[in-house]
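Examining the three-dimensional arrangement
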Amino acid sequence: MIGTGLIGGSFALAARRQGLFDGVVGIEPDGERGRRAVALGVVDEVVAAVPDDAGAILLAGPSQTIAPWVIRLAGHAATVFDAGSVKAAVLDEVRASCGGTLPPRFVPCHPLAGSEQSGPDAADAGLFREAEVILTPVPETDPAALLRVSDWWRAVGARTSTMTADQHDAALAVTSHLPHLLAFAYLQQVNGEHLQHTAGGFRDFTRIGAADADMWAPIFRLNRKRLLAALDDLEQSLATVRALIENGDGDAAALAAFIRQAAARRGGDDDA
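What you see as residue numbers is a count from 1 along each chain, following the sequence as written. Residues qualify for local features only when their pLDDT is at least 70, as the model is predicted, and side-chain atom pairs are given and counted only at 80 or more; totals for whole chains, interfaces and linings, by contrast, use all residues. Hydrogens and water molecules were not included; the side-chain quantities draw on all heavy atoms of the structure.

Comments concerning the sheet that holds strand β3 (residues 56-59)
Here, strands pair whenever DSSP counts at least two bridges between them. By definition, any uninterrupted DSSP run of H or I lasting at least four residues is a helix, any uninterrupted run of E lasting at least two residues is a strand, and each is numbered from the N terminus. Read from one edge of the open sheet, three strands run β3-β4-β5, paired in parallel fashion. The open sheet has two edge strands with one neighbour each: β3 and β5 (106-107). As paired strands, β3 and strand β4 (residues 79-82) are joined by four bridges and run parallel to one another. Within the sheet, the bridge partner assigned to A56 lies in β4 and is T79.

Focus: the nonpolar core
We define a nonpolar core as any set of buried Ala, Val, Leu, Ile, Met, Phe, Trp, Tyr and Cys residues linked to one another through side-chain atoms lying within 4.5 Å. We call a residue buried when its accessible area falls under 20% of the maximum for its residue type, exposed when it is over 50%, and partly exposed in between, using a 1.4 Å probe and counting protein chains only. Core analysis: the biggest nonpolar cluster contains 29 residues, and F11, F81, C109, F128 and W153 have the highest contact counts within it. Taken together, the elements giving at least two residues each to this core come down to α1 (6-18), β7 (132-135) and α5 (143-155). For this core, the element with the most residues is α1, which contributes six residues. The residues contacting C109, other than those within four sequence positions of it, are F81, D82, A83, G84, K87, V133, I134, L135, V149 and W153. In this analysis, two residues are considered to be in contact whenever any of their non-hydrogen atoms come within 4.5 Å of each other.

Re helix α6 (residues 165-187)
The span one expects for a helix is its residue count, reduced by one, times 1.5 Å. Taking 1.5 Å of rise per residue, the 23 residues of α6 would be expected to cover 33 Å, and the 31 Å separating its terminal C-alpha atoms lies within 8% of that figure. Take the seven residues that end at a residue and the seven that start at it, fit an axis to each, and the angle between those axes is the bend at that residue. Of all bends in α6, the biggest is about 50°, found at A173. Every buried residue belonging to α6 is among A165, H168, D169, L172, A173, S176, H177, L178, H180, L181, A183 and F184, and all of these are buried. Looking at the packing, one finds that the buried side of α6 touches α4 (88-97), β6 (109-111), β7, α7 (200-206), α8 (213-222) and α9 (224-246).

Here's the deal with the packing of α6 against α9
For helices, the fitted axis covers only the stretch in contact; all axes are lines through C-alpha atoms, and the angles between them, taken along N-to-C directions, range from 0 to 180 degrees. Taken N-terminus to C-terminus, the directions of α6 and α9 make an angle of 60°; their axes are 8 Å apart at the nearest point. In this view, α6 runs oblique relative to α9, as classed from their interaxial angle. Like other packed secondary-structure pairs, α6 and α9 cross with a definite hand, here right-handed. Facing D166, D169, A170, A173, V174, H177, L178, L181 and L182 of α6, the residues of α9 in contact are R226, L227, A230, L231 and L234. Each residue gets one label: Ala, Val, Leu, Ile, Met, Phe, Trp, Tyr, Cys and Pro are nonpolar, Asp, Glu, Lys and Arg are charged, and the others, such as Gly, are polar. Looking at the contact of α6 with α9 residue by residue, the classes come out as 10 nonpolar, one polar and three charged. Orientation is classified from the angle alone, with under 35 degrees giving roughly parallel, over 145 giving roughly antiparallel, 65 to 115 giving roughly perpendicular, and any other angle giving oblique. Each crossing gets its hand from how the near helix is turned against the far one by less than a right angle, where anticlockwise is left-handed and clockwise is right-handed.

Observations concerning the sheet that holds β7
The strand order across the open sheet formed by three strands is β6-β7-β8, and the pairing between neighbours is mixed. Two strands in the sheet have a free side with no partner beyond their single neighbour: β6 and β8 (159-162). Averaged over neighbouring strand pairs, the angle between their axes works out to 25° when direction is ignored.

Quick notes on α8
Looking only at α8, the buried set comprises W216, P218, I219 and F220. For α8, the elements touching its buried residues are α6 and α9. Side-chain atoms alone can form a polar contact between residues adjacent in sequence; in general such a contact is a pair of N or O atoms within 3.5 Å, and within protein one must be able to donate a hydrogen while the other accepts it. A distance of 3.0 Å separates the backbone nitrogen of D214 from a side-chain oxygen at the start of α8, and that oxygen is part of D212.

Okay, structure coming up:
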């Protein structure tokens, strides 16, 4: 396992419960995180290099580290899979270094599960229960490797779906990356006095604003084309609602309709 934080650690704990592997070793550049991962039983040990006899390798580090690891492991016999939030840019980088193709035993994945918390102490064996894991295989992906990875995710409680890398990045730009960007941007205008007067709405909206900057800044850069397109659409919506508010009573019905339309799009699941 490359990276012993929330996602990798949660997968490792869940895999242990299911007896999926004989053991789990980790590679972790942060020495303290590595020691905590061992102490918490997330990994058996922290090692300096991927063992030659590893059968499965999970790339669970920040998004910008995935392509270099896939390239480095191109000749390894293990099934390699990742948990990154961006797909197309990663695959393009790998292809550019691997003769225009992807290693057949690499299966790109993205589990739609997480938390604003990070590190091995945040690992939760139940994190993936009922969560969706999106697989973005390419034509050269080995069908047997794809099946193995899908089975592993299902064994830890997830449900799997398949789409292209571009479809994934366009969807996640709207459903994940843009909400995080909004939380970070909104919190720039919040000061200490404001924090004395908050309630549930503030906490719900800003929870993801506590997310790891070292993880999210690279995500925004790697998926910038799709994220900027989503931001363009949002700016149009903001301009619409601004005009409705500026027009006062004249657009009262239209403003209410705008809000109702938003509620209808969200749906009725309070946990969504």
